[in-house]
Amino acid sequence: MAAYRMQKRCDEEAVFVVEGPKMAAEALASGFAIRTVCATAEWKAASGKWEEYYEVSQAELERLSNFKSPNQVWMLVERGASGKWKVESGDFVLALDRVQDPGNVGTMLRTADWFGIRHVVCSRDTASCYNPKVVQASMGAVFRTRMEYVDLAEWLSTCGLPVYGASLQGRPFTELEKPERGVLVIGNESAGISEEVMRQVTHPVLIPNIGGTAESLNASVAAGILMCELGVRS
């Protein structure tokens, strides 16, 4: 309940929580506005990068933290500007349809960042990119990725790009030509891509089950394979 109240307050204040020295360094380097810093004396001595902060004990940090083992620093960071993004020539876009596990969303952001995919479009029922678990799993990608929450089927119908969707009924990705630009849609962990979104998919894509024994792939693993195969231009 405390975590829910914290997230609700963050939504109202248009801020998000960042924890730990690595993520704090990403936040400080990002250009995002920092609202509040609570940190141990050890973090301040090691970083020397932030003058205005509240010094807290380890016990106080544990009361603030979303994690079992909090690490030196806790921040409130102001969220980036929201709004519709214009798809630029040559863009490859990742689209998430009802992906609800925060760890999966954060991992997909991290993978998209690795492959240079900077635009991620999400259905409104996808886990928030400002969920603390998403932020942590993104390993800083949340600061470098443009996130947009939309009616995904409608957005896809007007984006003007070929739409690739992960599907067990699709064509093996090994048989597809690598597109110059496009959208890759990853669906819900258990239900896959919704019917209304699948109607906008122009190229259903299958990852061949070569082993023949596993029932399915984790959504973030499937996304990583397809981002590498489809989204990386040589």
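Going by the structure above, here's the rest.
The following refers to the structure shown. (Residues numbered from 1 in each chain as written. Predicted model: local features only at pLDDT ≥ 70, side-chain atom pairs only at ≥ 80, totals over all residues. Heavy atoms only, no water.)

1. A few points about the overall build of the chain
The secondary structure content of the chain amounts to nine helices and 10 strands. Here the C-alpha radius of gyration of the chain, 19 Å, is about what a compact globule of 234 residues would show, namely 17 Å. Taking the principal axes of its C-alpha atoms as reference, the chain extends roughly 55 × 40 × 35 Å. Each of the 234 residues in the chain was classed as buried or not, and the buried ones make up 46%. Sequence separation of 24 or more characterises 77% of the internal contacts of the chain that already satisfy a separation of 6 or more. Carbon and sulfur atoms form 50% of the exposed surface of the chain, whose accessible area is close to 12400 Å². Each charge class in the chain can be summarised by its mean position, and for the 24 positive and 29 negative side chains these summaries are 2 Å apart. (Helix = DSSP H or I, 4+ residues; strand = E, 2+ residues; numbered from the N terminus. Rg over C-alpha atoms; globule rule 2.2 N^0.38 Å. Buried < 20%, exposed > 50% of the residue type's maximum accessible area, 1.4 Å probe, protein only. Contact = heavy atoms within 4.5 Å. Areas by Shrake-Rupley, 256 points an atom, 1.4 Å probe, with all protein chains shown as cover. Lys, Arg positive; Asp, Glu negative; His and termini not counted. Charge placed at Lys NZ, Arg CZ, Asp CG, Glu CD.)

2. Notes on the environment of Asn66
Along the chain, Asn66 falls in the loop between helix H4 (58–64) and strand E4 (73–78). When the C-alpha positions of Asn66 and Met6 are compared, they lie 9.5 Å apart, and in sequence the two are 60 residues distant.

3. Examining the side chain of Ser65
Here Ser65 shows up in the loop between H4 and E4. There is a polar contact of 2.6 Å between the side chain of Ser65 and the side chain of Glu19. In this view, Ser65 contacts Glu19, Pro70 and Trp74; residues no more than four positions away in its chain are not counted. (Polar contact = N/O pair within 3.5 Å; in protein donor to acceptor, adjacent residues only side chain to side chain.)

4. Re the side chain of Thr40
Positionally, Thr40 belongs in the loop between strand E2 (34–39) and helix H3 (41–47). Dropping the residues within four chain positions of it, Thr40 is found in contact with Tyr53, Val56, Gln58, Leu61 and Gln72.

5. Side note on helix H5 (residues 102–114)
For H5, spanning 13 residues, the distance from its first C-alpha to its last is 18 Å, which sits close to the expected 18 Å at 1.5 Å a residue. Every buried residue belonging to H5 is among Pro102, Asn104, Val105, Gly106, Met108, Leu109, Thr111, Ala112 and Asp113, and all of these are buried. Here the buried face of H5 lies against strand E5 (92–96), strand E6 (119–123), helix H6 (132–138), strand E7 (146–150), strand E9 (182–186) and helix H9 (219–231). The opening residue of H5, the one whose side-chain oxygen lies 2.9 Å from the backbone nitrogen of Gly103, is Asp101. (Expected span 1.5 Å × (residues − 1).)

6. Observations concerning the nonpolar core
Membership of the largest hydrophobic core comes to 46 residues, with the highest contact counts inside it found for Val18, Met75, Leu94, Leu96, Leu184 and Ile186. Ranked by the residues each element gives to this core, the list is headed by H9, at six residues. Look past the residues within four positions of Ile186 in its chain and what remains in contact with it is Leu94, Ala95, Leu96, Asp97, Val99, Met108, Ala166, Ile193, Ala219, Ala223 and Leu226. The next biggest cluster of nonpolar side chains, apart from the first, holds 16 residues, and it includes Ala95, Val121, Leu152 and Val185. (Core = buried A, V, L, I, M, F, W, Y, C linked by side-chain atoms within 4.5 Å.)

7. Concerning the pairing of strand E1 (residues 15–19)
Of all five residues that make up E1, five are buried, and the element is covered over most of its length. The side-chain alternation of E1 yields two buried faces, one formed by Val15, Val17 and Glu19 and the other by Phe16 and Val18. Relative to E4, E1 is paired through five bridges, and the arrangement is antiparallel. By the bridge assignment, Val17 is partnered in E4 with Leu76. (Pairing = 2+ DSSP bridges.)

8. Focus: the environment of Leu168
Topologically, Leu168 is positioned in strand E8 (residues 163–172). Sequence separation between Leu168 and Arg63 is 105 residues, and the spatial gap between their C-alpha atoms is 45 Å.

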